[in-house]
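Chains, contacts and geometry: an overview
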Amino acid sequence: MQKEILNGEVMQEFMDGFADEGWKVNGNSIVLESEDGEEWFEYNDLGREGEVGAKEIVLWKGDFPYVLQEDVNDEGTEIRYYLTVPPYKDEYFNWRDNWFGVVYGPDGKMNPIRRVKGLPRKIDMDKTVELFLRQVAEKSFATPILVKAK
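So, here's what we can say about the structure. (Residues numbered from 1 in each chain as written. Predicted model: local features only at pLDDT ≥ 70, side-chain atom pairs only at ≥ 80, totals over all residues. Heavy atoms only, no water.)

1. Considering the overall build of the protein
- If you tally the helices and strands in the protein, you get two helices and 10 strands.
- Listed by position from the N terminus, the elements making up the protein come as α-β-β-β-β-β-β-β-β-β-β-α.
- Counting over 150 residues, the protein shows a buried share of 43%.
- If you take every contact in the protein between residues at least 6 apart in sequence, the share linking residues at least 24 apart comes to 35%. (Helix = DSSP H or I, 4+ residues; strand = E, 2+ residues; numbered from the N terminus. Buried < 20%, exposed > 50% of the residue type's maximum accessible area, 1.4 Å probe, protein only. Contact = heavy atoms within 4.5 Å.)

Okay, here's the thing in structure tokens:
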């Protein structure tokens, strides 16, 4: 599984593959719930229909979201990933995305740079994104793995 899975037609094909396996449309989102209904994946295309834009996959574990967001520039030539994870405190509010939580930017660095106990200050974004997408493909509702950068 490659992180390019979030790109346009490939992502649509990926999501269509789950159509008969429990994924359902919920408003503007495509959702897959765990058997107990306590956890779920949610896919959102935040761009305008048919245009390049942001997409996100959110793993909800109760009230705690793990957000993988893909931003593509207007030309469609540059892709940047952001990952938002707990803890959720007021000082970790991210105005750009309207999410609470610790944000890792495209370079894998924790943003803003703060010491958050139990989280790496820098992650290998490529490996982390790949593992997150594999988790979605396997419908695993486990806590996402943050691969610490070397």
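And the narrative resumes.
2. Remarks on the pairing of strand β2 (residues 29-33)
- Across the five residues of β2, four count as buried, placing the element largely inside the fold.
- Judged from the three bridges that link them, strand β1 (residues 24-26) and β2 form a sheet pairing that is antiparallel. The partner of K24 across the bridge, within β2, is V31.
- In textbook terms, the turn of a hairpin is the stretch between consecutive antiparallel strands, and for β1 and β2 this stretch comprises two residues, one of which, G27, has a positive phi near 70°.
- Sheet analysis places β2 next to strand β3 (residues 39-45), joined by five bridges and oriented antiparallel. Residue pairing for β3: S29 is matched across the bridge by N44. (Pairing = 2+ DSSP bridges.)

3. Describing the sheet that holds strand β10 (residues 110-111)
- Reading across from one edge, β1-β2-β3-β4-β5-β6-β9-β10 is the order of the eight strands in this open sheet, with antiparallel pairing throughout. The open sheet has two edge strands, β1 and β10, and neither has a second partner.
- Across three bridges, the pairing between strand β6 (residues 79-85) and strand β9 (residues 102-104) is antiparallel. Each bridged residue has a counterpart across the sheet, and for T84 the counterpart in β9 is V103.

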